[in-house]
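Residue-level structural notes
So the chains spell out like this:
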Amino acid sequence: MTRRNPYLSAALALGLLAVLPAPSQAASSGPSSGLDRNRELQACAAKAEANPDGAKADAKRWQEQGGGDFAKLCYALAQFHAGEFKAAGTQMEALVPTLGKDDPRAAASLLGRAGWAWLRAGDQGRAERLYSAALDKTPGDVDLLIDRAFARAEGERFWDAIADLDAALARDPRRADAYLYRATAQKALSNYRQALADIDHALELKPGDPEAILLRGNVKALGGNLPAARDDWSLARRVSPDSEWGRAAADNLARTAELAGGKGKDAGKDTAKPKSP
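Predicted model only: the values in this text are computed from it and were never measured. (Residues numbered from 1 in each chain as written. Predicted model: local features only at pLDDT ≥ 70, side-chain atom pairs only at ≥ 80, totals over all residues. Heavy atoms only, no water.)

Within the chain, the secondary structure is distributed over 14 helices and 0 strands. Starting at the N terminus and walking to the C terminus, you meet the elements of the chain as α-α-α-α-α-α-α-α-α-α-α-α-α-α. For the chain, with 277 residues in total, the buried portion stands at 51%. When contacts within the chain are restricted to residue pairs at least 6 apart in sequence, those whose partners lie at least 24 apart make up 59%. (Helix = DSSP H or I, 4+ residues; strand = E, 2+ residues; numbered from the N terminus. Buried < 20%, exposed > 50% of the residue type's maximum accessible area, 1.4 Å probe, protein only. Contact = heavy atoms within 4.5 Å.)

In this numbering, the UniProt entry assigns the feature "repeat: TPR" (unreviewed entry) to residues 176-209. Helix and strand shares over residues 176-209 are 79% and 0% respectively, and the end C-alpha atoms of the span are 10 Å apart. (UniProt positions renumbered as here; feature names shortened; annotations may be inferred.)

Another point: the pattern of salt bridges. Under the criterion given, the structure shown has 17 salt bridges. Close ionic contact of Arg182 with Asp166 constitutes a salt bridge, the shortest N to O distance being 2.7 Å. With Arg182 in helix 10 (residues 176-188) and Asp166 in helix 9 (residues 158-171), the pair connects residues that are 16 residues apart, well separated along the chain. One salt bridge in this structure joins Arg255 and Asp251, with 3.0 Å as the shortest N-O distance. Of this pair, Arg255 and Asp251 both sit in helix 14 (residues 244-256), 4 residues apart, which is roughly one turn of that helix. (Salt bridge = Lys/Arg side-chain N within 4 Å of Asp/Glu carboxyl O.)

Next up on the list: the packing of helix 7 (residues 124-137) against helix 8 (residues 142-154). Two elements in contact, helix 7 and helix 8, have axes separated by 9 Å at closest approach and are oriented at 160 degrees. On the basis of their axis angle, the class for helix 7 and helix 8 is roughly antiparallel. As for the relative orientation of helix 7 and helix 8, their crossing is left-handed in sense. For the pair formed by helix 7 and helix 8, the contact residues are Gln124, Ala127, Glu128, Tyr131, Ser132, Ala134 and Leu135 on the first element and Leu144, Leu145, Asp147, Arg148, Ala151, Arg152 and Glu154 on the second. Broken down by class, the residue content of the contact of helix 7 with helix 8 amounts to 7 nonpolar, 2 polar and 5 charged. (Axes fitted to C-alpha atoms, helices over the stretch in contact; angles between N-to-C directions. Parallel < 35°, antiparallel > 145°, perpendicular 65-115°, else oblique. Left-handed = near helix turned anticlockwise from the far one by under 90°. Nonpolar A, V, L, I, M, F, W, Y, C, P; charged D, E, K, R; others polar.)

Look at helix 13 (residues 226-239): 20 Å from first C-alpha to last across 14 residues, which is about the 20 Å you get at 1.5 Å a residue. All buried positions along helix 13 are accounted for by Leu226, Ala228, Ala229, Asp232, Trp233, Ser234 and Ala236. Taking the backbone nitrogen of Ala228 as reference, a side-chain oxygen 3.2 Å away marks Asn225 as the first, capping residue of helix 13. (Expected span 1.5 Å × (residues − 1). Polar contact = N/O pair within 3.5 Å; in protein donor to acceptor, adjacent residues only side chain to side chain.)

Mapped onto the elements, Arg216 comes out in helix 12 (residues 210-222). What makes Arg216 buried here is its relative accessible area of 17%. In this structure, Arg216 is in contact with Leu196, Ile199, Asp200, Leu203, Asp232 and Leu235, ignoring residues within four places of it in sequence.

In this structure the tally under the stated criterion is 1 disulfide. In this model, Cys44 is linked to Cys74 through a disulfide, with the two sulfur atoms separated by 1.4 Å. Residue Cys44 is located in helix 2 (residues 34-50), and its partner Cys74 is located in helix 4 (residues 68-81); the two are separated by 30 residues in the primary sequence. Residues Cys44 and Cys74 agree in their burial class; the two are buried. (Disulfide = S-S within 2.5 Å.)

The subject of this paragraph is the confidence of the model for the chain. Per-residue confidence for the chain averages 85 on the pLDDT scale, and 81% of its residues sit at or above 70. Within the model, pLDDT remains below 50 along residues 6-19, and this stretch shows 34 contacts once partners closer than five positions in the same chain are excluded. Taken together, the stretch residues 271-277 has pLDDT below 50 and engages in 20 contacts with residues farther than four places along the chain or on a different chain. (pLDDT = per-residue confidence, 0-100.)

So, about unusual backbone geometry. One non-glycine residue, Glu156, lies in the positive phi region at around 60 degrees. Of note, Glu156 is situated in the loop between helix 8 and helix 9. Not every positive phi belongs to a glycine, and Ser190 is a case in point at roughly 65 degrees. Relative to the elements of secondary structure, Ser190 occurs in the loop between helix 10 and helix 11 (192-205). On the basis of relative accessible area, Ser190 is assigned to the partly exposed category, the value being 45%.

Laid out in structure tokens, this is it:
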């Protein structure tokens, strides 16, 4: 299951800036104004996604010019997009006491970003601890609950993941992604009826979603209904042939063609791991 995490997207750089304290509150020193620093961070965050090495060079120059902790955050974003997940997570954690000082939302934002970096680094336990720390700062945050659920599921703690998703959906029952992640956890626990019910909810909220259709086919296959599974895989391929879900569906169809009359207990390839947040 792909986690389409928004935390480090340059498209949401303004959202990041909105919850960080003003530079004068954030242990950043230098001659530039707060507005200048915000603009610099926004530009650097955008560049980090498209050109991580260039953003690193910019961040280093910015640090030399007095950019302080904002320049360090820019460098951490560039490290993330360069695939240096451990280094990025470590740096973001280190910035919490300053950039998150006296501002729980800013601290939670940084902790969540650090959690995503550690999750990409393959350390589900550390990611979960950071998400929990973020939730201590902003209890009940739906995005953080979903992120922690994803980390827990990556560590095969499916019941704990379901508990977080239950809490997220109680707060926001229109989160199609939460239904889909809960369906994936239920699938892992062989609770196929519950998984299908959650997929139906997700598709009501997001009709035609190829990821949900692919997952529905996989669950049906595991439940012994290969013909119905193949119908869903065919639909996913038609809806989004060039997406990772459409390609996975096509692969499932090819691999199960000779088993079309069987039960398909081994069918159902999930999507590829995400390449970017």
